[in-house]
Amino acid sequence: MPAHHFVSPDSIRTQFSAAMSRLYKEEVPLYGTLLELVSEVNQQILAEQPDVAQALRWTGEIERLDQERHGAIRVGTAEELATIARLFAVMGMLPVGYYDLSPAGVPVHSTAFRAVHEQSLHISPFRVFTSLLRLELIDDLSLRELARDILAKRSIFTPRVLELIAQHERDGGLSAADAETFVEQALHTFRWHPQATVSAEQYQQLHQQHRLIADVVAFKGPHINHLTPRTLDIDAIQAGMPAKGIAPKAVVEGPPTRRHPILLRQTSFKALQETVAFSDAQGSHTARFGEIEQRGAALTAKGRRLYDRLLDATRAALGGVPAEANAERYRTLLASHFAEFPDDLAQMREQGLAYFRYFATEKGLAERTRQDRPDTLQGLIDAGHVHFEALVYEDFLPVSAAGIFQSNLGDDAQAHYGSNANREAFEAALGLAVLDELALYAQAEQRSLQACAEALGVTLA
Ligand code: OOG
Ligand code: NI
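Quick caveat: nothing in here was measured; it's all calculated off a predicted structure.

(A) Inspection of the site of ligand 1 at higher detail. All residues adjacent to ligand 1 are His70, Ala72, Arg74, Phe129, Asn225, His226, Gln266, Phe289, Glu291, Phe396, Ala401 and Phe405. Between ligand 1 and the protein, one listed contact pairs an oxygen atom with a side-chain N or O atom of Asn225 at 3.1 Å. One of the side-chain nitrogen or oxygen atoms of Gln266 is found 2.6 Å away from an oxygen atom of ligand 1. Look at ligand 1: alone it shows 320 Å² of surface, and the protein chains cover 100% of it. The site holding ligand 1 turns out to be the second largest cavity.

(B) Spotlight on the packing of helix H1 (residues 9-27) against helix H9 (residues 176-190). Between H1 and H9, the least distance of the axes is 10 Å, while the angle of their chain directions is 45 degrees. One element, H1, and the other, H9, form an angle in the oblique class. Here H1 and H9 pass one another in a crossing that is right-handed. On H9, the residues that touch Ile12, Gln15, Phe16, Ala19, Met20 and Leu23 of H1 are Ala179, Glu180, Phe182, Val183, Ala186, Leu187 and Phe190. Its residues placed into classes, the contact of H1 with H9 shows 11 nonpolar, one polar and one charged.

(C) Molecular detail of the coordination of the nickel ion (ligand 2). For the nickel ion (ligand 2), the full set of protein donor atoms is His70 (NE2), His226 (NE2) and Glu291 (OE), and the range of their distances to it is 2.1 to 2.2 Å. When the donors of the nickel ion (ligand 2) are listed by position in the chain, the intervening gaps give H-x155-H-x64-E. Placement of His70 in strand S1 (residues 69-75) and of Glu291 in strand S9 (residues 290-295) is noted, with a sequence separation of 221 residues between them. In terms of burial, His70 and Glu291 fall into one category: buried.

(D) View of the packing of helix H5 (residues 78-90) against H9. For the pair H5 and H9, interaxial distance at closest approach is 12 Å and the crossing angle is 145 degrees. Classified by chirality, the crossing of H9 by H5 is left-handed. Facing Ile84, Leu87, Phe88 and Val90 of H5, the residues of H9 in contact are Phe182, Ala186, Thr189 and Phe190. Across the contact of H5 with H9, the residue classes break down as seven nonpolar, one polar and no charged.

(E) Structural view of the pattern of salt bridges. Enumeration over the complete set of coordinates arrives at 32 salt bridges. Notably, a salt bridge pairs Arg127 with Glu68, separated by 3.1 Å at the nearest N-O pair. Residue Arg127 is located in strand S4 (residues 127-133), and its partner Glu68 is located in the loop between helix H4 (61-64) and S1; the two are separated by 59 residues in the primary sequence. Since its relative accessible area comes to 0%, Arg127 is described here as buried. Between Asp308 and Arg304 there is a salt bridge, with the nearest N and O atoms lying 3.2 Å from each other. On the criterion of helical spacing, the pair formed by Asp308 and Arg304 is a turn pair, its members being four residues apart in helix H13 (residues 301-318).

(F) Representation of unusual backbone geometry in the model. Positive phi, normally seen in glycine, also occurs at Leu263, with a value near 50 degrees. In this fold, Leu263 is placed in the loop between helix H12 (234-240) and strand S6 (264-269). Note on Leu263: relative accessible area 1%, which makes it buried.

Reading the values: rules and limits
Residues numbered from 1 in each chain as written. Chains lettered and ligands numbered in written order. Predicted model: local features only at pLDDT ≥ 70, side-chain atom pairs only at ≥ 80, totals over all residues. Heavy atoms only, no water. Near = heavy atom within 4 Å. Polar contact = N/O pair within 3.5 Å; in protein donor to acceptor, adjacent residues only side chain to side chain. Areas by Shrake-Rupley, 256 points an atom, 1.4 Å probe, with all protein chains shown as cover. 1 Å grid on protein atoms, 1.4 Å probe; cavity = no way out; pocket = protein on both sides within 12 Å on 5 of 7 lines; lining within 4 Å. Sits in = over half its atoms within 2 Å of the grid points. Axes fitted to C-alpha atoms, helices over the stretch in contact; angles between N-to-C directions. Helix = DSSP H or I, 4+ residues; strand = E, 2+ residues; numbered from the N terminus. Parallel < 35°, antiparallel > 145°, perpendicular 65-115°, else oblique. Left-handed = near helix turned anticlockwise from the far one by under 90°. Contact = heavy atoms within 4.5 Å. Nonpolar A, V, L, I, M, F, W, Y, C, P; charged D, E, K, R; others polar. Donors = N, O, S within 2.8 Å, 3.2 Å for Na, K, Ca; no water. Buried < 20%, exposed > 50% of the residue type's maximum accessible area, 1.4 Å probe, protein only. Salt bridge = Lys/Arg side-chain N within 4 Å of Asp/Glu carboxyl O.

Structure below.
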């Protein structure tokens with residue numbers, strides 16, 4: 001088939017993200033309630049805060065907001081991870097970043113599959129946080145063997161989706177009809193299966209070692225465990241959840257409330273009890289939960305170091321893990337420590353703390369032939385010829401992810417694996433290197449500078 005008859009990966013991702021949202025709404029009705037709350041709050045912010053709406057119009061995020069969401073899955077073997085990577089590649093999603101969750105007592109390491117170019121992100125920013133179970137961190141050898149044997153027997157992909165992945169790799173794309181089949185078939189990998197693959201006793205054994213191990217090993221596939229919409233005001237969501245009958249976790253993960261949000265703030269609500277059919281008995285399992293996120297500026301390495309330092313200092317001052325009992329104190333400490341992080345875009349730019357997008361303004365375009373027009377970026381900004389907005393953070397945060405895992409797994413699931421980052425092993429399992437998110441932001445910033453310079457007919461470094 002000629003290449004121009006292929007559907008773009010961006011379009012397949014858009015279809016898949018919408019299909020996933022429909023599926024999850026059916027499986028977890030509370031997700032629908034959450035979408036309503038998020039949509040109400042977003043409408044209100046857009047109506048009441050014209051500066052926020054204006055910034056989102058500059059960057060185009062206003063158009064992607066309603067369909068913006070991320071999901072999370074956990075796979076059991078290297079082979080599953082490698083095939084998931086091939087499946088996501090059909091939709092233009094590449095592995096970005098490496099996250100080691102072992103210091104937080106979660107025996108997984110992870111990456112985020114997502115689109116990497118701003119034009120693709122604009123069409124669909126759908127991302128999937130994908131974790132690989134690390135059986136090597138389980139010290140009970142017989143249990144490790146049991147888990148390995150069970151996982152070796154399952155196949156989490158339909159035969160048809162495997163064919164379509166291979167076809168895509170061979171031909172370089174899929175036709176519209178094949179893309180539709182691909183989406184429908186790929187969805188099977190992510191749905192919830194109420195039939196477990198193990199006996200009630202095996203489930204108990206796995207569960208006793210770690211609830212997460214049971215969640216990965218005892219089922220037919222890596223059910224999507226949450227699907228997270230993006231809000232413009234997570235504090236309003238946190239406050240509004242109880243009235244909708246949803247109990248949020250004690251604290252919002254990530255940076256504090258700011259005029260100019262940075263990175264990622266997240267809250268979640270507890271997993272649902274689901275009925276499960278073990279091979280020999282009925283039982284239940286808590287697999288899935290709800291989560292909401294608010295996204296802000298992507299930070300440079302320097303900005304990220306400052307963020308990490310302030311978060312560490314906050315936690316050290318708290319002297320423990322943020323929970324129900326110390327939630328108020330945690331909020332106060334977080335706000336006071338983060339006073340050191342400038343809450344002003346111009347200052348963040350001057351200090352090199354965040355990545356930005358640059359736009360030629362009407363004024364800049366109108367005056368592009370004037371002799372006395374400035375020719376440096378700062379000069380053009382000062383003269384109102386160039387406007388800038390922060391690049392939105394498209395990734396995740398390991399400390400926050402650990403907090404989300406913990407609140408979902410329950411505090412009794414605290415385990416200790418020490419720090420066991422092993423990016424090489426992860427990449428070997430994946431069959432690919434993960435991309436460096438900072439390099440991606442730097443490239444996007446560079447492209448916007450370039451486009452701006454061309455529009456204005458100047459040279460900007
Ligand atoms: C993933 C938890 C991490 C996030 O948004 O940080 C995550 C999981 O529970 O599998 O989704
Ligand atoms: Ni999440």
